[in-house]
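# Geometric and topological summary
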Amino acid sequence: MAKFSVSFVHGRNQADLAFLKKFEPKSYATCMEFYHNLKTVDGKAGVLIIDLGCRLLPSCNFLSIGQQIESLLEKLIAERFPLPIILLAHRTNYPTAIQLVRKAWDAEFYGVDFVCKSTRGQRAATRATARLGGETETEEKILEAISRASDHYYNKPHNIHIDEIEVGFSRLTERQLFVLDRIMNGKSSSEIGQELGISVKTVEAHRMGIKDKTRTDDVADLLRMYLDFNELQATE
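Every value quoted in this text rests on a predicted model; they were computed, and no experiment measured them.

## With respect to the overall build of the protein
When you go through the protein residue by residue, the secondary structure sums to 10 helices and five strands. Each of the 236 residues in the protein was classed as buried or not, and the buried ones make up 46%. As presented, the protein carries roughly 12,500 Å² of accessible surface, and 51% of it is formed by carbon and sulfur atoms.

## A look at the packing of helix 7 (residues 174-183) against helix 8 (residues 189-196)
Their axes nearest at 10 Å, the elements helix 7 and helix 8 cross at an angle of 135 degrees. Looking at the two axes, helix 7 sits oblique to helix 8. Seen along the crossing, helix 7 lies across helix 8 with a hand that is right-handed. Note on element contacts: helix 8 touches helix 7 through Ile192, Glu195 and Leu196, opposite Arg175, Phe178, Val179, Arg182 and Ile183. Its residues assigned to classes, the contact of helix 7 with helix 8 comprises five nonpolar, no polar and three charged.

## Structural notes on the sheet that holds strand 5 (residues 112-116)
Sheets are built from strands that pair by backbone hydrogen bonding, the pairs being arranged parallel or antiparallel. The parallel open sheet is built from five strands, whose spatial order is 2-1-3-4-5. Across the chains shown, the open sheet's two edge strands, defined by having one partner strand only, are strand 2 (26-28) and strand 5. Taken over all neighbouring pairs, the strand axes of this sheet differ in orientation by 20 degrees on average, direction set aside. Of the strand pairs in this sheet, strand 3 (residues 46-51) and strand 4 (residues 85-89) are connected by four bridges, and their pairing is parallel. When the bridges of strand 4 are listed, Ile49 appears paired with Ile86. Set on the sheet, helix 3 (residues 94-106) makes contact with strand 4 and strand 5; between it and strand 5 the angle comes to about 165 degrees.

Each value, and the rule that gives it
Residues numbered from 1 in each chain as written. Predicted model: local features only at pLDDT ≥ 70, side-chain atom pairs only at ≥ 80, totals over all residues. Heavy atoms only, no water. Helix = DSSP H or I, 4+ residues; strand = E, 2+ residues; numbered from the N terminus. Buried < 20%, exposed > 50% of the residue type's maximum accessible area, 1.4 Å probe, protein only. Areas by Shrake-Rupley, 256 points an atom, 1.4 Å probe, with all protein chains shown as cover. Axes fitted to C-alpha atoms, helices over the stretch in contact; angles between N-to-C directions. Parallel < 35°, antiparallel > 145°, perpendicular 65-115°, else oblique. Left-handed = near helix turned anticlockwise from the far one by under 90°. Contact = heavy atoms within 4.5 Å. Nonpolar A, V, L, I, M, F, W, Y, C, P; charged D, E, K, R; others polar. Pairing = 2+ DSSP bridges.

In structure tokens form, the structure reads like this:
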């Protein structure tokens, strides 16, 4: 484990990732603190994890969390940062995470991924699992994302299940395809509802239908499918 380095930008939010202690992570309260210490980051094996749900970062109060992280990612991409990057997002941060991942992929920097953190209703089960010494759902997703982003960092993504992806998208109705496009452009359910003149509850129903038909676990899973599909479509 000691050979694998973890850099964690968390603001004041460390409790959810206690399992990372086994990697002996280097913690940073702000994006700029991490950037100023960039030369000390081991580029041989490791990952940068950024929690989008952290509270106001003290040294950058005039920027939103999304703006701070976007600024950091732009710098890292420009300098061809040598490690994969994992963004952790609660539901309210999904649009920001989607926008950041898509900007990275547009710059042909494929080693950026994001993980949906546990909902409030899942956290009781999470704490019970942690007490038993097992890995929680969020922890498992993070480990999977690290593996996936590490692979994508060195290789262009190639989803071997492209036929299944095409079938999944072909099942969507015209309205669901419209909602999917807006989700993948970082729009919230409220914004989509206003654009379509429908309630947020109806948008959520469309989102659930998209999830069921594409057989995706969450919006992060859906984003990966969407980006892989677009990438392969562009190369054909």
